[in-house]
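Fold and geometry: a report
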Amino acid sequence: MREEGILADHQIAALFQGGALAAARPLDADQIQPASLDLRLGEKAYRVRASFLPGREHRVADKLARLKLHEIDLSNGAVLETGCVYIVPLLESLKLPADVAASANPKSSTGRLDIFTRVMTDFGQEFDKIATGYAGPLWLEVSPRTFPIVVRTGSRLSQIRFRKGNAVIGEFSLQMLHDTETLVASEEPNISGSGIALSIDLMGDADGLVGYRGKHHTGIVDVDKRAAHDVFDFWEPLYRRGEPGELVLDPDEFYILVSREAVHVPPSYAAEMTPFDPLVGEFRVHYAGFFDPGFGHSAAGGTGSRAVLEVRSHEVPFILEHGQVVGRLVYEHMLSRPKTLYGTDLGSNYQAQGLKLSKHFR
Ligand SMILES: Nc1ccn([C@H]2C[C@H](O)[C@@H](COP(=O)(O)OP(=O)(O)OP(=O)(O)O)O2)c(=O)n1
């Protein structure tokens, strides 16, 4: 077995058995994913004026006692409004071994709904990063940006990965892995800085559909319901303009677009998409996120899976062009191969996808 890598499903289950992970309620059957654990909202949400970090000296609960404006009971469901910041205790808590660290990310469905989420820990100085050996509760900051949402105790908005050592695959090994496994379907893969570039598709499908723009003043999205909402009540479809395609990003809008390249994560690897922000500056992929082992893997029914890109422009309108690089996929080793893979093993929502809104829409 490898010494450094991301913990796989059976190793996450072992963390529960050994007491390194605890939950206030029994786990949901599908809560452990191939390389991550979904985190569930607890009983209450606290509306705060603004986001904060606890910092080296404080527990989240201490700061919250000072900063909370209102307490909301989530046991029967509650609406979280756009533009507001909420802090929610999570049902899961940690007592990590000295050699295991963790990192969190919004679930893909959460990013696709433009719900901003970040995990906080006691004495934490950063969001979404959990130091080796951390023992204590987990809290989630939630801020819906485009649609108001309904959530309840048990709703799963974010996910956590556990890691031993440094598992990132360097540039040279990544090139070799790409040569044997075709990590992204591209004639000229752009591999640098330990990642493979992903670019945007603005040519669209046979009908010229290239993406969607979120509507304003919509109804409420229930985060726990699949195929419950009509696409056109929440989204405006966008069609190809120009040859090759281009799209003017309005700074106040949220866009769902798709990568030009199909993506492949072989079973013994996991990937994470990081925004290309530092080099471009004008716009950014907003959430990106974790890619599971088996995503886009042909044996797991994933041939041709593309990455979904949630894009926002910064201060000024910006013309995005077909093929423009928007993010980078960083690959990491799994500590061992997961028992189940993303895709057919799990009845996953986004395997073999093209341009795809979140599972809540029909
Ligand atoms: N920007 C992104 C981020 C992720 N994914 C893909 C790769 C992931 O392996 C897959 C599922 O991600 P999550 O587990 O975060 O998504 P959900 O839990 O919301 O969906 P599912 O129920 O299918 O697991 O979506 C994507 O296409 N584009």
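Residues numbered from 1 in each chain as written. Predicted model: local features only at pLDDT ≥ 70, side-chain atom pairs only at ≥ 80, totals over all residues. Heavy atoms only, no water.

Quick notes on the overall build of the protein
For the protein, the count of helices and strands is 6 helices and 26 strands. The C-alpha atoms of the protein give 20 Å as radius of gyration, which agrees with the globular expectation for 362 residues (21 Å, within 12%). With respect to the three principal axes, the spread of C-alpha positions in the protein is 55 × 50 × 35 Å. Out of the 362 residues in the protein, the part that is buried amounts to 54%. Restricting the contact set of the protein to residue pairs at least 6 apart, pairs at least 24 apart contribute 81%. With the model as given, the accessible surface of the protein reaches about 15400 Å², and the carbon-plus-sulfur share is 48%. Taken together, the 38 basic and 47 acidic charged side chains of the protein have centroids lying 6 Å from each other. (Helix = DSSP H or I, 4+ residues; strand = E, 2+ residues; numbered from the N terminus. Rg over C-alpha atoms; globule rule 2.2 N^0.38 Å. Buried < 20%, exposed > 50% of the residue type's maximum accessible area, 1.4 Å probe, protein only. Contact = heavy atoms within 4.5 Å. Areas by Shrake-Rupley, 256 points an atom, 1.4 Å probe, with all protein chains shown as cover. Lys, Arg positive; Asp, Glu negative; His and termini not counted. Charge placed at Lys NZ, Arg CZ, Asp CG, Glu CD.)

Thoughts on the domain arrangement of the protein
Under the domain assignment, the protein is made up of domain 1 (5-164) and domain 2 (171-333). Computed from C-alpha coordinates alone, the two centres of domain 1 and domain 2 are separated by 25 Å. On the side of domain 2, 28 residues touch domain 1, which itself brings 33 residues to the contact. When the buried surface of domain 1 facing domain 2 is broken down by residue, Arg-112, Phe-147 and Arg-161 rank first, second and third, together holding 26% of it. Along the contact surface separating domain 1 from domain 2 lie 4 salt bridges. Counting across the interface, domain 1 meets domain 2 through 13 residue pairs in polar contact (both at pLDDT 80 or more). (Domains from an automatic or database assignment. Buried area = accessible area lost by both parts, 1.4 Å probe. Salt bridge = Lys/Arg side-chain N within 4 Å of Asp/Glu carboxyl O. Polar contact = N/O pair within 3.5 Å; in protein donor to acceptor, adjacent residues only side chain to side chain.)

With respect to the pattern of salt bridges
Under the criterion given, the structure shown has 19 salt bridges. Here the salt bridges do not stand alone but share partners, grouping Asp-28, Asp-30, Asp-38, Arg-40, Glu-92, Lys-107 and Arg-156 into one network.

A look at the side chain of Ser-109
Structurally, Ser-109 can be placed in helix α3 (residues 108-112). Its relative accessible area of 6% is what places Ser-109 among the buried residues. Dropping the residues within four chain positions of it, Ser-109 is found in contact with Tyr-350, Ser-358, Lys-359 and His-360.

Things to note about the site of the ligand
Within the structure, the ligand sits among 22 residues, and Lys-107, Ser-109, Asp-292, Tyr-342 and Gln-353 are positioned closest to it. Note that an oxygen atom of the ligand is positioned 2.7 Å from one of the backbone N or O atoms of Ser-108. Isolated, the ligand exposes 590 Å² of accessible area, and the fraction of that covered by the protein chains is 97%. Looking at the shell around the ligand, the elements with two or more residues in it are α3, β23 (289-291) and β24 (306-313). If one sorts the elements of the shell around the ligand by residue count, β24 sits on top with 4 residues. Here the residues of the shell around the ligand sort into 9 nonpolar, 7 polar and 6 charged. Here the shell around the ligand spans two domains, since at least three of its residues come from each of domain 1 (5-164) and domain 2 (171-333). (Near = heavy atom within 4 Å. Nonpolar A, V, L, I, M, F, W, Y, C, P; charged D, E, K, R; others polar.)

Comments concerning the sheet that holds strand β21 (residues 269-275)
A sheet is described by the order of its strands in space; here 5 strands give the open sequence β14-β15-β26-β21-β23, paired in antiparallel fashion. Pairing within the sheet leaves two strands with one partner each, and these edge strands are β14 (191-192) and β23. As judged from the 3 bridges shared by β21 and β23, these two strands associate in the antiparallel manner. Within β23, the position partnered with Ala-271 by the bridge is Phe-291. (Pairing = 2+ DSSP bridges.)

Topic: the sheet that holds strand β12 (residues 149-151)
Sheet architecture is open: 3 strands sit in the order β6-β12-β17, paired in mixed fashion. A single partner strand is all that each edge strand has here, and the edge strands are β6 (78-80) and β17 (221-222). Of the strand pairs in this sheet, β6 and β12 are connected by 3 bridges, and their pairing is antiparallel. Bridge assignment links Ala-78 to a residue of β12, and that residue is Val-151.

Remarks on the UniProt feature "domain: 2'-deoxycytidine 5'-triphosphate deaminase N-terminal" (unreviewed entry) in the protein
According to UniProt, the "domain: 2'-deoxycytidine 5'-triphosphate deaminase N-terminal" (unreviewed entry) feature falls on residues 4-165. The annotated region residues 4-165 carries 14% helix and 44% strand content, and the separation between its end C-alpha atoms amounts to 5 Å. (UniProt positions renumbered as here; feature names shortened; annotations may be inferred.)

Section: unusual backbone geometry
A cis amide bond, omega -5°, links Glu-243 with the succeeding residue Pro-244. Here Pro-244 lies in the loop between β18 (235-239) and β19 (246-249). You will see that Asp-114, though not glycine, has its phi angle at about 60°, which is positive. Assignment of secondary structure puts Asp-114 in the loop between α3 and β9 (115-121). Classification of Asp-114 as buried rests on a relative accessible area of 0%. Phi at Asp-128 is positive, roughly 65°, even though this residue is not glycine. Following the sequence through the fold, Asp-128 ends up in the loop between β9 and β10 (129-130). According to the relative accessible area criterion, Asp-128 is buried, its value standing at 16%.

So, helix α2 (residues 60-67)
Within α2, burial applies to Val-60, Lys-63 and Leu-64. Mapping the buried residues of α2 onto a view down its axis gives an arc of 105°, with all of them on the same face. Among the exposed residues of α2, those pointing more than 90 degrees away from its buried face are Ala-65 and Arg-66. Packed against the buried residues of α2 are β4 (44-48), β5 (68-73), β7 (85-95), β9 and β11 (135-144). (Arc of directions from axis to C-beta.)

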